[in-house]
Amino acid sequence: MLESDHALYSEHQNSLWFETASALEPGAVLDSDFDVDAVVIGAGFTGLRAALRLAEAGTRVVVIDAFDVGWGASGRSGGQVNPMLPFNTPDQIRKLVGPGFFESLTQVSLNSADELFELIKTYKIDCQPRQNGWLRVDHCDKARRVSRSNAEIWNRLGADMQAVEGDEVRRLSGSAIYRSGIVVPKGGSVQPLSLARGLARAARDAGAEIYSRSPVSALHRNGAKWLVETVRAKVTTDWVILATNGYSDELFSGLAKSILPLVPIQIATAPLKPEQIAEILPHGHTISDTRRIIMYARRERDDRMVFGGHGHLDKNNQAAGFDWLVHDVTRIFPQLEGVDWRYRWGGKIALTEDRLPHFHEPKPGLIAGLGYNGRGVAMSHVMGKWLAERALGAQPESLPFPTTSIKAMSFRGIQMMGESSAIRWMRLLDKLESK
Ligand SMILES: Cc1cc2nc3c(=O)[nH]c(=O)nc-3n(C[C@H](O)[C@H](O)[C@H](O)COP(=O)(O)OP(=O)(O)OC[C@H]3O[C@@H](n4cnc5c(N)ncnc54)[C@H](O)[C@@H]3O)c2cc1C
């Protein structure tokens with residue numbers, strides 16, 4: 001947990017999700033020493049899903065978060081449940097992980113939305129789940145060609161993606177600027193902070209203990225066990241599960257450097273007038289576009305709009321880029337000119353060099369799962385479940401993810417320094433291609 005993360009904390013308070021989430025009794029501060037079977041560090045989707053599975057298997061498990069349940073990306077996200085790995089084409093994924101893991105990784109990814117909606121049903125989690133489909137719109141002809149050829153391959157693997165063109169894509173999106181896209185029927189959305197809190201409730205009911213405001217400051221090997229230290233307590237455990245994603249620090253050497261933390265941002269309106277919103281996403285699809293500096297959005301039941309895009313940290317370590325997002329959104333949906341953008345917030349995600357989620361087991365009894373590259377709402381649950389299975393004894397080769405070593409990302413420092421210039425450059429490329 002970095003000092004700068006405290007600055008981002010205040011922005012959580014300006015989030016629509018924070019204002020409207022179902023309540024959860026906060027976790028206590030960890031202040032006594034004890035012995036458990038597993039410690040999960042991080043109370044986001046990854047950590048909570050792992051804890052739920054472990055607790056249900058009869059394991060004594062504690063979850064420890066530096067702040068609170070859903071405080072990280074999980075409770076701040078766009079809440080879009082997208083069953084598709086980002087960035088790589090199917091051929092690239094096959095090359096990166098080999099044919100065996102290609103099969104298992106793509107299957108768990110394509111099933112990830114169905115699995116999450118099923119989980120929500122099973123545990124009766126009150127988080128506004130909707131599975132109305134995800135509309136992925138193309139920003140240029142080249143993007144259209146790539147999306148079409150990838151969709152054909154994903155469809156052979158069971159994705160059921162449908163191409164849409166012309167008036168149909170304009171009708172489904174409510175924007176006149178898109179000419180083509182793909183509908184992914186299994187996609188949908190959730191209120192993400194309510195989901196995190198509901199998952200925490202389910203994990204507690206199954207016997208997991210959840211501690212808040214307890215940053216883990218050190219991990220030591222203690223014979224065959226691990227010692228997990230916070231300022232006030234020491235917990236001895238057989239397994240440590242690191243579920244810290246974009247908030248990873250130097251707690252375990254090298255983990256933070258294996259990812260590039262990026263800062264997506266979100267804006268949301270007050271409820272809008274029927275004439276402002278009538279045409280936008282009339283069938284309740286979620287939407288995202290294919291640009292490098294992506295726009296993604298959803299329409300809420302109470303006729304609010306929620307938009308997301310790329311941001312960056314300003315010199316005070318606050319999320320920035322909101323004005324550009326408002327400008328971009330009103331260019332795409334001119335109906336929204338002058339509306340009240342009441343909510344603005346951001347958070348940190350983890351980008352990996354190969355753009356795939358990473359499963360690591362750097363030491364016996366210590367495992368980590370992270371790096372969803374901005375598509376973690378569904379995928380983090382898959383990872384969390386498999387982290388738990390590994391701690392319960394599943395062999396690494398039976399997991400859908402290859403177990404990889406922790407490697408520093410190339411040119412990470414330069415990429416972090418140059419983030420806002422890189423964003424400007426990518427916006428320009430997007431604009432030139434969209435003409
Ligand atoms: C603004 C935004 C929009 C997004 N939109 C989408 C979307 O629409 N769809 C999608 O699929 N994905 C989206 N994502 C990505 C998605 O939210 C993440 O991939 C996912 O939530 C990661 O979950 P996680 O549990 O691994 O990590 P997080 O939810 O980030 O949780 C990590 C936790 O670790 C804790 N922690 C860190 N260090 C320590 C320590 N030393 N001790 C104790 N605790 C520690 C943190 O406090 C934090 O709570 C978005 C992310 C953001 C920020």
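Residues numbered from 1 in each chain as written. Predicted model: local features only at pLDDT ≥ 70, side-chain atom pairs only at ≥ 80, totals over all residues.

1. A look at the overall build of the protein
Scanning the protein from terminus to terminus reveals 13 helices and 20 strands. Overall size of the protein, expressed as C-alpha extent along the three principal axes, is 65 × 45 × 45 Å. Residue burial in the protein is summarised as follows: out of 435 residues, 51% are buried. Of all intrachain contacts in the protein linking residues separated by at least 6 positions in sequence, the fraction that spans at least 24 positions is 76%. (Helix = DSSP H or I, 4+ residues; strand = E, 2+ residues; numbered from the N terminus. Buried ≥ 20, exposed ≤ 12 C-beta atoms within 10 Å, placed from the backbone. Contact = placed C-beta atoms within 7 Å.)

2. Section: the nonpolar core
In summary, soluble globular proteins display a tendency toward joint burial of nonpolar side chains. Val40, Leu48, Ala51, Val63, Leu199, Ala203 and Ile241 are the most contacted members of the largest nonpolar core, which totals 119 residues. Considering each element in turn, this core owes the most residues, 9 residues, to helix α11 (residues 376-391). Here this core spans two domains, and each of domain 1 (3-78 + 193-257 + 354-412) and domain 2 (130-189 + 261-351 + 418-434) adds at least three residues to it. (Core = buried A, V, L, I, M, F, W, Y, C linked by C-beta atoms within 7 Å. Domains from an automatic or database assignment.)

3. Points about the site of the ligand
With respect to spatial proximity, 48 residues lie near the ligand, and among them Gly44, Gly72, Gly78, Gly347 and Gly376 are the closest. With 4 residues, α11 is the largest single contributor of residues to the shell around the ligand. Of the residues belonging to the shell around the ligand, the class tally is 22 nonpolar, 21 polar and 5 charged. (Near = placed C-beta within 6 Å. Nonpolar A, V, L, I, M, F, W, Y, C, P; charged D, E, K, R; others polar.)

4. Considering the packing of helix α5 (residues 90-122) against α11
Packing of α5 against α11 brings their axes to within 8 Å, and their N-to-C directions diverge by 90°. On the basis of the axis angle, α5 is roughly perpendicular to α11. Judged by residue contacts, Val108, Ser109, Ser112, Ala113, Glu115, Leu116 and Leu119 of α5 engage Ala378, Met379, His381 and Val382 from α11. A class-by-class count of the residues in the contact of α5 with α11 yields 7 nonpolar, 3 polar and 1 charged. (Axes fitted to C-alpha atoms, helices over the stretch in contact; angles between N-to-C directions. Parallel < 35°, antiparallel > 145°, perpendicular 65-115°, else oblique.)

5. Things to note about the packing of helix α3 (residues 45-56) against α11
Running from amino to carboxyl end, α3 crosses α11 at an angle of 40°, the nearest separation of the two axes being 7 Å. If you check the angle between α3 and α11, you find them oblique. For the pair α3 and α11, the crossing hand works out as right-handed. Here α3 contributes Phe45, Thr46, Gly47, Leu48, Arg49, Ala50, Arg53 and Leu54 to the contact with α11, which in turn contributes Gly376, Val377, Ser380, His381, Met383, Gly384, Lys385, Leu387, Ala388 and Ala391. In the contact of α3 with α11, the residues fall into 9 nonpolar, 6 polar and 3 charged. (Left-handed = near helix turned anticlockwise from the far one by under 90°.)

6. Overview of helix α10 (residues 322-332)
Residues that lie three or four places apart on an α-helix share one face, since the helix turns once every 3.6 residues. Among the residues of α10, those classed as buried are Leu325, Val329 and Ile332. The arc enclosing the buried residues of α10, seen along the axis, measures out at 60°, which places them on a common side. Facing away from the buried side of α10 by over 90 degrees, the exposed positions are Asp323 and His327. Considering only its buried residues, α10 is in contact with β12 (259-268), β14 (295-299) and β15 (305-313). (Arc of directions from axis to C-beta.)

7. Quick look at the pairing of strand β2 (residues 61-64)
In regular strands, side chains alternate between the two faces of the sheet. Alternating residues of β2 divide into Val61 and Val63 and Val62 and Ile64, and every residue in both groups is buried. Pairing geometry for strand β1 (residues 34-41) and β2, over 4 bridges, is parallel. Each bridged residue has a counterpart across the sheet, and for Ala38 the counterpart in β2 is Val61. What joins β1 to β2 is α3, and the crossover it makes is right-handed. Strand direction decides the pairing type here: β2 and strand β8 (residues 209-211), joined by 3 bridges, are parallel. Among the inter-strand pairings, Ile64 is bridged to a residue of β8, identified as Tyr211. (Pairing = 2+ DSSP bridges. Right-handed = clockwise from strand over helix to strand, strands pointing away.)

8. With respect to the domain arrangement of the protein
What the domain assignment reports for the protein is domain 1 (3-78 + 193-257 + 354-412) and domain 2 (130-189 + 261-351 + 418-434). Each of domain 1 and domain 2 was reduced to a C-alpha centroid, and the two centroids are 28 Å apart. Listed by partner, the interface residues are 22 residues for domain 1 and 21 residues for domain 2. For the side of domain 1 that touches domain 2, the secondary structure elements donating two or more residues are α1 (3-12) and α4 (73-76). Ranked by residue count, the leading element in the side of domain 1 that touches domain 2 is α1, at 5 residues.

9. A few points about unusual backbone geometry
Of note in the backbone geometry, Arg213 takes a positive phi value of approximately 45° without being a glycine. By secondary structure assignment, the location of Arg213 is in the loop between β8 and β9 (216-222). Since 16 C-beta atoms lie within 10 Å of it, Arg213 is described here as partly exposed.

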